[in-house]
Amino acid sequence: MVGTSVAEATSAGPAAWWSCEGCGSYAELPAEETAGFTIECPDCPGVMIAQWEWDAA
Ligand SMILES: [Zn+2]
């Protein structure tokens, strides 16, 4: 393991790209915090759908 700062630890890890099917708004969220959850759209009554995710490492 190479030295890892707290900042790197919080920003690293898989991320997921979420898109609202109602208004097209989007957000990038940490995959491990959103897995299994329904994300409500901040801009409309709709829900956001995970489009894809990637490993930021
Ligand atoms: Zn929306």
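Reading guide: rules and limits
- Residues numbered from 1 in each chain as written.
- Predicted model: local features only at pLDDT ≥ 70, side-chain atom pairs only at ≥ 80, totals over all residues.
- Core = buried A, V, L, I, M, F, W, Y, C linked by C-beta atoms within 7 Å.
- Buried ≥ 20, exposed ≤ 12 C-beta atoms within 10 Å, placed from the backbone.
- Helix = DSSP H or I, 4+ residues; strand = E, 2+ residues; numbered from the N terminus.
- Contact = placed C-beta atoms within 7 Å.

So what's going on with the nonpolar core? Which residues, and what values?
Formed by Ala 16, Trp 18, Cys 20, Cys 41 and Met 48, the largest nonpolar core amounts to 5 residues. Considering every element that reaches this core, the biggest residue donor is strand β1 (residues 14-20), with 3 residues. Every residue in contact with Met 48, bar those within four places of it in the chain, is listed here: Trp 18, Ser 19, Cys 20, Ala 27, Ile 39 and Cys 41.

An account of the environment of Val 47 is needed here, citing residue identities and associated values.
As for its placement among the helices and strands, Val 47 is situated in strand β4 (residues 47-55). Here the alpha-carbon distance between Val 47 and Glu 21, two residues 26 residues apart in the chain, equals 7.1 Å. Once you skip the residues sitting within four places of it in the chain, Val 47 turns out to touch Thr 38, Ile 39, Glu 40 and Cys 41.

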